Every structure is written in C-alpha cells, then in structure tokens.
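# Observations on the three-dimensional arrangement
Listed below are the residues making up each chain.
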Amino acid sequence: MNSKFNHPSTSDIKKVLKLDIKKLPSFPQVATKLLEVSRDETASLADLSKIVETDPGISVRVLEIVNSAMYGLGRKITALSEAVVFLGLDEIKKLAIGMTVFEKMFKSGRAKEFDRLLFWRHCLCVAVLSMEIAKETGYPDPEEAYIAGLLHDVGKVLLDIQGRMDYGEVIQEISVSTDPVIEKERSIIGLGHDDIGAFFCSMWKLPEKLVMAVKYHHQSFEPLNFSKEETQLISIVSLADFLCWTQGIGSFDIIRPPILSPEVEKTIKLDSFDIIKCILHMNKEVETISEFYHFVFPSMSQVRENLLWANLKLSKINTKYYYQEDPVTQIQDMNSTTGETIPFDIGLELGKPLSKAKTIKEVLDIVMYQVGCMFQPLHWSILLKEPKTGDMVFSVVVGTNKKKLQGVKLPKGEGIAGHIMATGESVIVEDVAIDKRFSLRVDKYTGFKTRSIIGSPLKTDDNIFGVIELINRISDDNFTSQDLKILSSIAEYAAIAIERSYYNQALKNIATKDSLTGFKNRWSFERAVSNKDEVLKRYGTIFSMLIVEIDLFGKINEMMGRSAGDAILKKLVQVLKKNKRRKDDIFRYGEDTFIILLPQTYQDDAELVKQNILSAFSLVVSTEGQMPVKINISPHTVSAADFGQLKDLVEKPLSKVKAPLKEDTIVDIEDSLQPLIEQESQKETSDIKSTPASGKTVSLKGNFVHLKTKITGYMGVERLSLDAIGFRVVKSHSIKVNDFLDIQFTLDGMKKSLVERRIVVREIKDNYINAEFYNPPPYAKNLGFYLMS
C-alpha cells in the first residue's frame with residue numbers, strides 16, 4: 001500500500017477486527033464498476049444500465065426512488081433508459097452508487113446503539129454538502145467529492161460488523177465522554193474509524209484521492225505535502241462532515257465537540273463562498289429523499305443557521321487548543337503567596353464539557369463550577385437581561401445568600417453589573433468604597449459586605465444578554481487585572497456555548513415535537529417503538545395504544561378555515577392532557593391523528609381511558625357551542641414481545657394520514673433565555689431537595705482543616721446530601737458560622753470512595769454543624785450514586 005497513507009499494519013488491523021479470510025469485508029462489485037464509469041467521460045447510458053442491471057435488486061431500488069414522490073414525475077418509469085431522460089445521467093449514477101453502498105454495506109448492522117438510518121442520513125448529507133462545497137470552491141470533480149463524502153465514515157461500519165469489541169458499547173462510552181469521537185475510538189479500540197476505513201479502501205483499490213479523504217477527514221495533514229487537489233478534497237469532506245454535526249446531523253445521536261483541523265480553514269476560506277446556500281441545497285435534496293429511507297430531516301433553516309455560526313465560533317476556540325503544540329498555558333496563581341505558577345488551560349478545562357452540554361443549565365453549571373475553582377470567590381452570579389424591561393435578573397447564584405438573591409431583579413443600568421450590561425465592557429473594581437458606579441442596595445438586602453468585584457459581559461456578536469459577576473475572595477485578596485483577562489476569556493467561551501446549546505435545544509424540539517400541540521411527533525413515535533428492549537423498559541411487558549382521530553377534519557378546514565381546525569385541535573389537546581397519566585406518551589402522528597401509548601395497561605383500563613377522553617371531549621364541544629365534532633378512538637393492547645405489530649397496526653390504517661403543517665418559529669436568544677433558565681431550574685429544584693435536613697442519614701468518619709487557622713480535627717458525618725452536610729466535632733472546637741473548612745471522608749459503599757470538598761459553615765448547635773458544600777461539581781457521580789442507593 002502507498003506509504004503516504006501511513007496505514008496501520010495488517011497485524012494492527014487484526015487486533016481490532018475479526019478478519020476471517022473467507023469473510024473479508026468487500027466493496028460491492030457493482031459500486032466498484034459504477035465508480036469506474038463515473039470517472040469515464042465517454043461512458044454512456046447503455047454502459048451504466050448494463051452494470052446496474054447485473055444486480056436486479058439494485059435496479060429495482062433505483063427505479064423505486066425515481067418513481068417516488070421525491071421526483072414527482074408525471075408517469076411511472078419502468079427502465080433506467082427512461083429515467084435518464086428525465087433526471088440526467090449524472091443523477092442516475094449518483095443514485096445508483098448511493099443505493100448500492102446502502103443496500104450492500106450500510107443498511108444493517110450488529111449494535112443496536114449504532115442506528116443505521118441516522119448513520120446513512122449523515123453520510124448522504126456529507127455527500128451532498130461535499131458536492132455543493134466543491135462546486136462553490138471550484139473543485140474540478142464535484143461528483144468525486146460526493147462519493148468521498150458518502151464513504152468518509154465507512155470505517156464505522158467495519159468496526160460494527162467485524163470489530164472484536166462491541167461497537168455499541170464503544171458508542172455508549174463516547175456518549176458520556178467529552179472527547180472527540182475519533183480520539184475516544186483510538187483510546188478504547190486502538191484505532192480510529194478513519195485509519196480502518198482508509199486501510200480497506202486501499203485494499204479495495206479505490207482511487208487514491210478517495211482514500212485520502214477517508215483517512216484524513218479528522219487528522220492534520222499539512223506535513224504530508226499533498227497536491228492542491230488532494231488537499232482541497234480532504235478539506236471539503238472534513239468541512240462538510242463538521243457542518244453536518246453542527247446541524248444536528250451526526251452519525252450518532254449525540255452532541256460532539258466541534259473541531260476542524262487548521263488546514264481546512266487555510267484551504268477553504270469560510271467567508272469566500274455562501275455556506276448557507278450550500279446547506280439549504282443539502283436540506284432540499286436530502287429532505288426529499290428522507291421519506292424514501294424513512295428518516296426525519298429536521299427543518300427550520302433559521303435555527304440551524306444560528307446553530308451553525310455558534311458552532312463555528314466555538315470550533316475556532318476548540319481548534320486553537322486542540323492543535324496547539326503546547327496546550328498548557330501558565331497562568332499566575334493569584335491565590336498563592338509563593339508566586340508559583342499553576343498549569344491551567346481555559347480551553348481544555350472548559351472546551352470539552354461545554355461542547356458536550358445538552359442544555360443551557362448544564363452550560364451555566366459548568367461555567368460557574370470552573371469560575372469557583374479558579375478564583376475562589378465568596379459570591380458569584382450570572383445576571384441575565386429581562387427581555388421586556390431590560391432589568392437584570394440574578395438567574396444563577398452561587399455562594400453566600402444564594403437562596404435570597406436567586407430571581408431578584410436589579411433595575412436596568414444599576415450597579416457594576418448594570419454598567420457592564422450597558423457598555424459591554426469587562427470591569428474590575430478593587431475597592432467598591434471608592435467607585436461611584438457601585439450600588440449598596442444588594443448589600444443592604446442581603447447583609448453582605450462587598451469589597452472587590454470583577455465582571456464580564458455575556459454576548460453574542462453585539463448582543464449582550466448577561467453578566468458574570470464575582471464578589472470578594474475567600475482569601476480577602478482583591479481581584480487583579482490578570483483575573484479580569486481570564487474571566488473575559490471564560491465569558492466569551494461561555495456565551496458561545498450558551499448560544500450553541502440554545503439553538504441545539506430548539507433544533508431538537510423542532511425535530512421531535514409538534515409545534516402546534518407541543519406533543520411528540522410522528523418521528524418520535526417511530527423511534528419509541530423501533531427497539532424491543534427500549535419498548536420493554538419504557539412501556540412494560542403489556543401495554544396499550546389508543547389511536548385518536550378527528551372525524552372529517554379535512555372538511556372542517558376546507559369549510560371553516562384552518563383557524564377553526566386549529567381551535568378544535570387545541571380543545572382536543574386540553575382533553576388529552578387532562579386525561580394523561582404521568583407515564584403516558586402522546587404523539588401527534590398526523591394532521592388529524594394522535595397516538596397515545598399507555599404503559600403497563602391492559603385492555604379494560606385502556607377502554608376506561610378511551611371512554612374518559614370521549615366523554616370529556618364531547619362535553620367541551622357541546623358546552624362551548626362549537627359545531628358538532630366527533631373523535632374516533634381505536635384501542636389496541638399488545639405485549640412487548642409482539643411490539644412489531646405496533647407499526648402494522650398504525651401504518652396500514654393510517655398510511656394516507658397527512659403530516660401536520662410545520663410552522664416552527666423561534667424567538668431571539670435574549671428574549672427567551674431567562675424564562676428557559678427559570679423553567680430548567682424549577683425542574684431541577686423539584687427533583688432535588690437541598691437542605692441538610694433532607695439529606696441521607698449516614699455514619700461516616702472524616703477529618704477537616706480550617707482554611708484560615710489551619711487547625712485540624714476529626715468529624716463524624718451524620719447527614720449528607722448533594723450540596724450540604726451535617727456533622728459533629730469535639731465540643732472544644734473554635735469553628736464559627738461562615739468559616740471555611742476543607743474536609744474529606746470515605747463513603748461506606750462498595751467502592752469506599754473518598755470525598756474531598758470545601759464547605760462553608762451555616763449553622764452551629766453545640767458540637768453539631770450544618771454546612772454547605774462550597775462550589776460542588778456539577779457531576780458528582782460517586783456521591784450521587786451513594787445517596788440514591
């Protein structure tokens with residue numbers, strides 16, 4: 001094999017894959033011949049037809065696509081020679097290659113965690129986007145870019161089918177990791193999908209440039225001195241792959257850190273062509289084919305455009321830290337009296353967890369934890385702008401008086417935070433007593449004594465939506481200009497991550513929920529019943545399904561207008577919500593059709609739910625004087641073992657059901673961020689009680705060190721929760737309220753985990769002390785599992 005590829009050896013491959021000589025992975029012969037034809041400018045339709053027709057199954061499938069609603073041809077096409085007249089030779093070649101690769105290689109797999117439809121959707125999107133970028137950037141062979149995009153992740157298929165390790169387990173580990181997929185594969189398996197894919201592409205004697213794209217779409221390749229065209233093709237596929245992940249179209253259903261190799265931005269200037277135009281073209285082409293392959297392609301181009309730019313900004317920062325030669329930045333430890341430096345890299349500490357955060361609340365928790373670790377403030381908070389008034393709300397508060405300050409509003413422009421919000425400038429106040437911008441009102445309200453403040457704005461482009469503010473150090477030292485530089489970098493990173501999570505959440509809602517009713521959509525239903533183990537876990541061994549249909553709904557829309565139809569839908573939604581039990585799932589399957597899945601529900605109980613819904617809806621319609629409207633409900637009770645019946649029960653009678661009209665909209669981030677944080681915080685509060693009294697009764701031994709006096713002692717832990725602790729010390733202690741202690745104790749679970757934390761004393765009763773954990777980590781697995789056991 002060509003040395004420029006630096007392929008792994010056959011022995012290295014054998015350590016990772018089960019290479020049975022009789023069952024070596026092979027590239028479909030039809031696809032190989034089609035690739036040869038695609039490179040031959042003199043190839044004719046007859047040449048193409050002859051190849052495709054050697055595999056009748058592929059020929060039939062290609063004609064199925066040609067005759068599908070995707071192309072909307074006026075009559076049925078029965079031969080490739082007819083199809084090419086309507087669609088052109090290039091389009092037919094593209095369809096034939098894609099269908100061959102899908103049917104022969106990508107369609108079925110071993111690991112249930114490796115969803116092949118999601119994977120194929122990703123491959124198609126990368127292929128189409130690669131071709132569009134190739135056209136925009138002047139690459140001489142856009143069709144070659146399409147094929148490279150189609151095959152770029154072929155190594156994942158080989159790892160799934162032939163891997164010595166269960167690739168499903170690898171995907172599970174990837175889903176809880178903050179590392180890029182390729183790095184996690186290498187650390188777990190020993191090789192990445194890029195190396196494995198390129199090895200076999202070379203073995204199959206595919207064109208060198210295709211092999212390069214497969215090999216280097218995740219790797220830095222500048223030192224290899226490739227030709228201009230080779231470098232351009234690799235960069236095109238790498239960028240297309242990156243853009244698809246940013247749009248929520250990855251090969252797995254997880255969020256990954258967006259990273260581009262530096263050569264990509266050097267080769268393709270992102271501002272030199274219309275990225276959005278390329279993505280919209282990809283949207284259109286893949287959306288039309290999505291119905292044929294039965295996968296959902298989320299729309300809402302504006303949300304995806306915003307998400308794209310947020311990911312591009314985050315990528316620039318991630319790339320800087322990921323590819324730099326010395327990733328450790330030496331930052332002066334301002335808490336240290338010795339003047340020593342500590343290794344700390346904002347990019348590495350923040351970049352990985354922030355890139356994986358799925359919700360805005362997770363982003364804020366990670367940011368606040370890192371701020372606490374770095375600066376050791378007594379009190380720190382994030383204030384977000386209230387959209388209607390411009391006032392500032394203490395949305396996330398950590399430290400002293402956090403419960404009292406949470407949710408409190410500060411008038412627009414007031415105090416240091418108001419100044420930062422108004423000017424967009426980071427600010428340091430070493431002594432608030434001599435700064436006229438400082439407002440005493442918060443100190444009077446909380447009883448807190450502010451001495452020193454640093455703060456930085458949270459903004460996207462020129463839109464400021466919040467402020468990070470730190471008050472006082474535990475050490476009593478003032479904040480410094482060096483602190484301000486570090487905080488400003490954190491704020492920049494945090495703002496981008498918040499923006500990215502916001503649009504990620506919006507995109508997920510659009511893909512999985514119906515905008516009018518708020519219920520889950522048809523795609524969510526199909527995902528919910530696609531896996532036997534998941535059905536058993538979610539709905540039990542016996543469960544029921546209700547199919548709810550509005551009678552003559554189409555005629556109501558025609559005669560009275562869509563607003564009348566929407567009003568009826570909303571009434572039905574109210575009824576369904578009132579009769580919904582806690583674990584029931586409701587889906588809007590079609591324009592006039594809903595499906596309700598009732599976990600662990602037998603036929604009699606399903607009939608009771610049906611009658612309750614019918615009676616409630618009839619009452620609503622009659623009392624509100626609306627035109628007579630009927631609903632029909634069909635109950636079905638099935639076992640998890642026969643879950644395959646579900647699709648038949650639904651698809652046959654509902655095959656002609658119209659999909660609901662999508663009218664998704666999204667408000668600007670500044671207008672909905674604060675309400676969203678409140679909603680997420682309320683959900684979290686309802687799940688976790690935070691007072692010491694609500695903790696678990698325990699009997700654990702530990703010790704403490706007083707932070708200021710350095711006095712040590714033993715402690716007996718009696719109460720424990722995720723954010724508070726109750727313990728006893730010897731009666732002659734000298735501990736006071738608001739003192740800081742560094743403690744450690746060992747859990748008495750199976751793992752005997754050591755817990756090391758800093759605490760702040762809140763209450764003292766003789767020798768019994770209630771304290772709060774200072775800056776608890778957002779993900780404390782050992783303690784969390786212990787408390788739940």
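Residues numbered from 1 in each chain as written. Predicted model: local features only at pLDDT ≥ 70, side-chain atom pairs only at ≥ 80, totals over all residues. Heavy atoms only, no water.

## A word on the sheet that holds strand S9 (residues 520-521)
In spatial order, the strands read S9-S11-S12-S10-S13; together these five strands make up an open sheet with mixed pairing. Strands at the two margins of the open sheet, each flanked by one partner only, are S9 and strand S13 (631-639). By the bridge criterion, nine bridges tie strand S10 (residues 542-550) to S13 in an arrangement that is antiparallel. In the strand pairing of S13, Val 548 is matched with Ile 633. Where helix H27 (residues 562-579) meets the sheet, it contacts S10, strand S11 (585-590), strand S12 (593-598) and S13, and its direction lies at approximately 5 degrees from that of S12. (Pairing = 2+ DSSP bridges. Helix = DSSP H or I, 4+ residues; strand = E, 2+ residues; numbered from the N terminus. Contact = heavy atoms within 4.5 Å. Axes fitted to C-alpha atoms, helices over the stretch in contact; angles between N-to-C directions.)

## Description of the environment of Ile 464
Tracing the backbone through its elements, the reader meets Ile 464 in strand S8 (residues 463-473). A residue is classified by how much of its surface remains accessible, and Ile 464, at 14% relative accessible area, is buried. Sequence-distant contacts of Ile 464, defined by excluding residues within four places in its chain, comprise Lys 385, Ile 420, Met 421, Thr 423, Gly 424, Pro 457, Leu 458 and Lys 459. (Buried < 20%, exposed > 50% of the residue type's maximum accessible area, 1.4 Å probe, protein only.)

## Some remarks on unusual backbone geometry
With a phi angle near 50 degrees, Gln 600 is a residue other than glycine that sits in the positive phi range. Positionally, Gln 600 belongs in the loop between S12 and helix H28 (603-623). In this structure, Lys 710 takes a positive phi of about 65 degrees despite not being glycine. Checked against the element boundaries, Lys 710 lands in the loop between strand S14 (696-706) and strand S15 (712-720).

## Section: empty space enclosed by the protein
The tally for this structure, following the rule as stated, stands at four cavities of 30 Å³ or more. Considering only enclosed or pocket space, the largest cavity measures out at about 220 Å³ in volume. Lining the largest cavity we find 21 residues, and of these Phe 394, Phe 438, Val 442, Glu 469 and Ile 471 sit closest to its centre. Taken together, the elements giving at least two residues each to the lining of the largest cavity come down to strand S3 (377-385), helix H21 (415-423), helix H22 (441-446) and S8. Taken together, the residues of the lining of the largest cavity break down into ten nonpolar, eight polar and three charged. (1 Å grid on protein atoms, 1.4 Å probe; cavity = no way out; pocket = protein on both sides within 12 Å on 5 of 7 lines; lining within 4 Å. Points joined across faces, edges and corners; volume = space filled by probe spheres on them. Nonpolar A, V, L, I, M, F, W, Y, C, P; charged D, E, K, R; others polar.)

## Quick notes on the packing of aromatic side chains
As enumerated under the stated definition, the model contains 14 aromatic pairs in all. Judged by centre distance (5.5 Å) and plane angle (75 degrees), the ring pair of Phe 525 and Phe 587 falls under edge-to-face. Within this pair, whereas Phe 525 is found in helix H24 (residues 522-528), its partner Phe 587 is found in strand S11, the two being separated by 62 residues in sequence. For Phe 525, a relative accessible area of 2% corresponds to the buried category. The positively charged end of Lys 215 is found above the aromatic ring belonging to Tyr 216, 5.9 Å away from the centroid. (Phe/Tyr/Trp six-rings, centres within 6.5 Å; stacked < 30°, edge-to-face > 60°. Lys NZ or Arg CZ within 6 Å of the ring centre and 35° of its normal.)

Structural measurements only, silent on function.
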